[in-house]
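Topology and contacts: notes
Each chain is listed here by its residues.
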Amino acid sequence: NAGVMQNPRHLVRRRGQEARLRCSPMKGHSHVYWYRQLPEEGLKFMVYLQKENIIDESGMPKERFSAEFPKEGPSILRIQQVVRGDSAAYFCASSQIREVDYGYTFGSGTRLTVV
Amino acid sequence: QQQVKQSPQSLIVQKGGIPIINCAYENTAFDYFPWYQQFPGKGPALLIAIRPDVSEKKEGRFTISFNKSAKQFSLHIMDSQPGDSATYFCAARANFGNEKLTFGTGTRLTIIP
């Protein structure tokens, strides 16, 4: 049973380019969460999605960032016109609803470097 | 207030010692408090979690102590080993119906032989 799969593991983009980060949840999980981790900081919630629905995007920057979780395929976090401040590790997690006391499972992350 | 405050930022303990990491929160709507362990280059992994109706929970060498009135909780690692060297994050989830976690800023733990 594969865990949460994220790719690519490392992504380098020049300022102004687009970054696409992919996340395949664990089998049977229909809830996906994206978090961002800046160097030497904790994880910050970005967005919570279910299939074809954005449930909570209160942590997403208002511009340039978008996320989707289509009926088929992985969840995508898209960052348009990247800037140096977008350099961070982006983690995806998945869960079944209200997995009481089990928390959820994180992927290994995508480390984005903007040059 | 959605913050979870974590201390210390870093901690060095000799093998066999008991590192203690502390967290405090303000939001009384938080109802679930997990701890995550993160090794370099990896995602956080759930270590142990507690609910506010319990004052202590043990799983192997890891213990969470919870003080509901003080709104504080802590992680203790018994008989610490060099393999426990990692960054530890406390977190909290509000009982609003989704699973969004608010994380502390992390503690970098080093266990020296």
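Above this note sits the structure.
The structure displayed is predicted, hence computed values, not measured ones.

The next subject is the pattern of salt bridges. All names here are of chain A. Summed over all chains, the structure comprises 9 salt bridges over all chains. We note a salt bridge from R20 to E18, for which the minimum N-O separation is 2.8 Å. Residue R20 is classed as partly exposed on the basis of its relative accessible area of 40%. The network of salt bridges with common partners includes E18, R20 and R78.

All told, the structure shown has 20 aromatic pairs over all chains when counted by the stated rule. Pairing Y35 of chain A with F106 of chain A gives two aromatic rings, centres 5.6 Å apart and planes at 65°, and the pair type is edge-to-face. Remark: F106 of chain A occurs in strand β10 (residues 105–106) and Y35 of chain A occurs in strand β4 (residues 31–37); sequence separation between them is 71 residues. Just as Y35 of chain A is buried, F106 of chain A falls in that class too. On the numbers, 6.2 Å between centres and 85° between planes, the contact of F89 of chain B with F103 of chain B is edge-to-face. Here F89 of chain B, found in strand β9 (residues 86–94), pairs with F103 of chain B, found in strand β10 (residues 101–103); they are 14 residues apart in sequence, far enough to count as distant. Judged by relative accessible area, which is 6%, F103 of chain B ranks as buried.

Cut-offs used in this document
The residue numbering used here restarts from 1 in each chain and proceeds along that chain's sequence as written. Whichever chain is written first becomes A and whichever ligand is written first becomes 1, with later ones labelled in order. pLDDT decides what is reported in this predicted model: residues at 70 or higher carry local features, side-chain atom pairs at 80 or more are listed and counted, and totals for whole chains, interfaces and linings draw on all residues regardless. To get the side-chain values, all heavy atoms of the structure are used, and hydrogens and water are removed first. Just to be clear on terms, a salt bridge is a Lys or Arg side-chain nitrogen sitting within 4 Å of an Asp or Glu carboxyl oxygen. Think of it in three bands: with a 1.4 Å probe and only protein chains considered, a residue is buried below 20% of the maximum accessible area for its type, exposed above 50%, and partly exposed in between. Only the six-membered ring of Trp is used, alongside the rings of Phe and Tyr, when aromatic pairs are assigned; centres must lie within 6.5 Å, and planes under 30 degrees apart are stacked while those over 60 apart are edge-to-face, with the rest tilted. A run of DSSP states H or I qualifies as a helix once it reaches four residues; a run of E qualifies as a strand once it reaches two. Both are numbered from the N-terminal end.

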